[in-house]
Amino acid sequence: MRHNYLAHAFHLDEKLDSADFYFDKFLSDASKRHYLKPEADHQKVMVAVARELIANPVRVRISNIGKPINSEYAEYSPIIAFDENSMFFTSRRRRKDESNMADIDITTGLHFEDIYVSNRSVRGEWLEPELININVADQHSSVVSMSTDGMTLYIYKTYSVDGNIYVSDLDIGQGWTTPLLVGSNVNKDYNEFYANLSYDRRVLYFVSDREGGEGGKDIYYVKRLPDGTWGEATNAGPEINTEFDEDVPFFHPDDRTMYFASNGHKSMGGFDIFYAQLGDDSIWSEPVNMGYPLNSTDDDHSYIATPDGRRGYYASKGKTSLGMTDIFMVEYLEDAELMPELDLTAFAVLKGWVIAPSGSIPDSFRIAITDSASGKPVGEAKPVARNGSFVFIIPSDASYQVDYLLGNESLYDEKLRIP
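Just so it is clear, the model here is predicted, and its values are computed rather than measured. (Residues numbered from 1 in each chain as written. Predicted model: local features only at pLDDT ≥ 70, side-chain atom pairs only at ≥ 80, totals over all residues. Heavy atoms only, no water.)

(A) Representation of the overall build of the chain within the structure. From N to C terminus, the chain includes three helices and 29 strands. Based on the C-alpha atoms only, the size of the chain along its principal axes is roughly 80 × 55 × 45 Å. Contacts in the chain between residues far apart in sequence, at least 24 positions, make up 51% of those at least 6 positions apart. Within the structure as shown, the chain displays about 19,800 Å² of accessible surface, and the carbon and sulfur contribution to it stands at 51%. (Helix = DSSP H or I, 4+ residues; strand = E, 2+ residues; numbered from the N terminus. Contact = heavy atoms within 4.5 Å. Areas by Shrake-Rupley, 256 points an atom, 1.4 Å probe, with all protein chains shown as cover.)

Structure representation (structure tokens):
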């Protein structure tokens, strides 16, 4: 058995010839029915994929986003606004007031998960993260998705032995509301680990280990019904899900590209980041491994792309990590391969900043967008209090009216035509 563990260690250290040697030695020495043989066979496949991907690296620039977001503890699940001016993330750090000092998860020996938010300064620097008001010191609270307007968070929380998906809304001036369970078609008597809300709020992708899936953790989705509730859960199918684990989906605003993590498919070790795209026939394409060095022989996951797809934020135990897991940013160089072809004609990003003469933005200030042809509201948002930034994702080929309102009084309005 020690040969198997030694092979794992060499695999993690990217010493692939040694990993192969010791996996082979374990497989030849172990009994035919040894319980670790299937895993070792799978690991040998990963070693072969790692050898291929490392020999053909993708042209990217990867950087640890550093302090104050990353720390000596674990940080992961970056949820970044589409204008890249605000980021929610999950951390297992010791709180500044040490209120979680004595609260330790006995299964890991680490502090329980907490949700933090950081905003960029006008110089583009990340400000000191703030602990949001709905964390509980002796329970796991992990952020998993944010609505485009930044007013709604989806959260993973544990209750008893099960994990479930909750939702919380921002009450301006009061903080985040008490998290409520997402509808019963999402949460079942199993574990629901992660969720991602599409930019138009019509579809919620989530991860569950419920019975009836392809195996392990699977990606499911629910569609919003006319009454606002979620419909029946649908498995994303064998094109996406494998007998192993699929996790942390992110559905891009081009409405057809999904990034996700998997330790099945063609992973080079642990969880790798993949993407797949919906065709006109609503069938997913074969998932594509996003390559080395974005992926490594350890776990890489929680990928979220910018609207143009040229940058991404993700979690990894990279060689430059400050702690156990850090948040990294990847930038694709001009001739980088393995990037999905995004449909950038499907949407537009409207972003900006509000600067208040008094120094603070009134709670009653809001920005509303209306479809000029139908008169229907498209979105409403409030600027981020710390830096005044706001962002919308809006469909193209339409005209809009944008109103900047203080209470019910219009301070300014403009008309936009998105070709």
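(B) Quick look at the packing of aromatic side chains. A full pass over the atoms with the stated rule returns 18 aromatic pairs. With centroids separated by 5.7 Å and ring planes inclined at 20 degrees, the aromatic side chains of phenylalanine 206 and tyrosine 220 adopt a geometry described as stacked. In this pair, phenylalanine 206 is assigned in strand E14 (residues 203-208) and tyrosine 220 in strand E15 (residues 218-223), connecting sequence segments 14 residues apart. We classify phenylalanine 206 as buried; its relative accessible area is 0%. Taking relative accessible area as the criterion, tyrosine 220 reaches 4% and is therefore assigned buried. Ring centres of tyrosine 303 and tyrosine 314 lie 6.5 Å apart, and the angle between their planes is 35 degrees; on these two criteria the pair is classed as tilted. Of this pair, tyrosine 303 sits in strand E21 (residues 300-305) while tyrosine 314 sits in strand E22 (residues 311-316), and the two are 11 residues apart along the sequence. Assessed through its relative accessible area of 3%, tyrosine 303 is described here as buried. Cluster of aromatic residues (ring-pair linked, three or more members): Phe250, Tyr259, Tyr275, Tyr303, Tyr314 and Phe328. (Phe/Tyr/Trp six-rings, centres within 6.5 Å; stacked < 30°, edge-to-face > 60°. Buried < 20%, exposed > 50% of the residue type's maximum accessible area, 1.4 Å probe, protein only.)

(C) A look at the pattern of salt bridges. One pass over the structure, following the stated rule, counts 23 salt bridges. Glutamate 130 serves as the salt-bridge partner of arginine 386, at 1.9 Å between the closest nitrogen and oxygen. Taken together, the residues span a long stretch of sequence, with arginine 386 in the loop between strand E26 (377-381) and strand E27 (389-395) and glutamate 130 in strand E7 (residues 130-131) at a distance of 256 residues. Note on arginine 386: relative accessible area 43%, which makes it partly exposed. A relative accessible area of 33% means that glutamate 130 is categorised as partly exposed. Taken together, the shared-partner salt bridges connect Asp17, Asp20, Asp24, Lys44 and Arg51 into one network. (Salt bridge = Lys/Arg side-chain N within 4 Å of Asp/Glu carboxyl O.)

(D) The arrangement of the sheet that holds strand E17 (residues 246-251) in detail. Spatial ordering of the open sheet is given by E17-E18-E19-E20, a layout of four strands whose pairing is antiparallel. Edge strands, defined here as strands with exactly one partner in the open sheet, are E17 and strand E20 (288-289). Judged from the six bridges that link them, strand E18 (residues 257-262) and strand E19 (residues 272-277) form a sheet pairing that is antiparallel. Of the residues in E19, the one forming a bridge with alanine 261 is isoleucine 273. (Pairing = 2+ DSSP bridges.)

(E) Region of the structure containing unusual backbone geometry. Proline 68 follows lysine 67 through a cis peptide bond whose omega is 10 degrees. Among the secondary structure elements, proline 68 is positioned in the loop between strand E1 (60-64) and strand E2 (75-80). Omega for the peptide link from tyrosine 292 to proline 293 comes to 10 degrees, which places this bond in the cis form. Within the fold, proline 293 resides in the loop between E20 and E21. Phi is positive for serine 77, which is not a glycine, with a value near 55 degrees. Relative to the elements of secondary structure, serine 77 occurs in strand E2. For serine 77, a relative accessible area of 5% gives the class buried. Unlike most non-glycine residues, arginine 201 shows phi in positive territory, near 65 degrees. Topologically, arginine 201 is positioned in the loop between strand E13 (192-197) and E14.

(F) Representation of the sheet that holds strand E29 (residues 409-418) in the model. Pairing in this open sheet of four strands is antiparallel, and the strands run E26-E25-E28-E29 from one edge to the other. The sheet is open, and its two borders are formed by E26 and E29, each paired with just one other strand. In this sheet, adjacent strand axes meet at a mean angle of 15 degrees when their direction is disregarded. Here strand E28 (residues 398-406) pairs with E29 via nine bridges, running antiparallel. Bridge pairing in E29 places tyrosine 404 opposite tyrosine 412. (Axes fitted to C-alpha atoms, helices over the stretch in contact; angles between N-to-C directions.)

(G) Molecular detail of the packing of helix H1 (residues 2-12) against helix H2 (residues 16-29). Orientation of H1 relative to H2, taken along the N-to-C sense of each, is 160 degrees, at an axis distance of 8 Å. As summarised for this structure, H1 and H2 are arranged roughly antiparallel, according to the angle between their axes. For H1 against H2, the interelement crossing comes out left-handed. From H1, His3, Asn4, Leu6, Ala7, His8, Phe10 and His11 reach across to H2, where they touch Leu16, Ser18, Ala19, Tyr22, Phe23, Lys25, Phe26 and Asp29. Counted by class, the contact of H1 with H2 contains eight nonpolar, five polar and two charged residues. (Parallel < 35°, antiparallel > 145°, perpendicular 65-115°, else oblique. Left-handed = near helix turned anticlockwise from the far one by under 90°. Nonpolar A, V, L, I, M, F, W, Y, C, P; charged D, E, K, R; others polar.)

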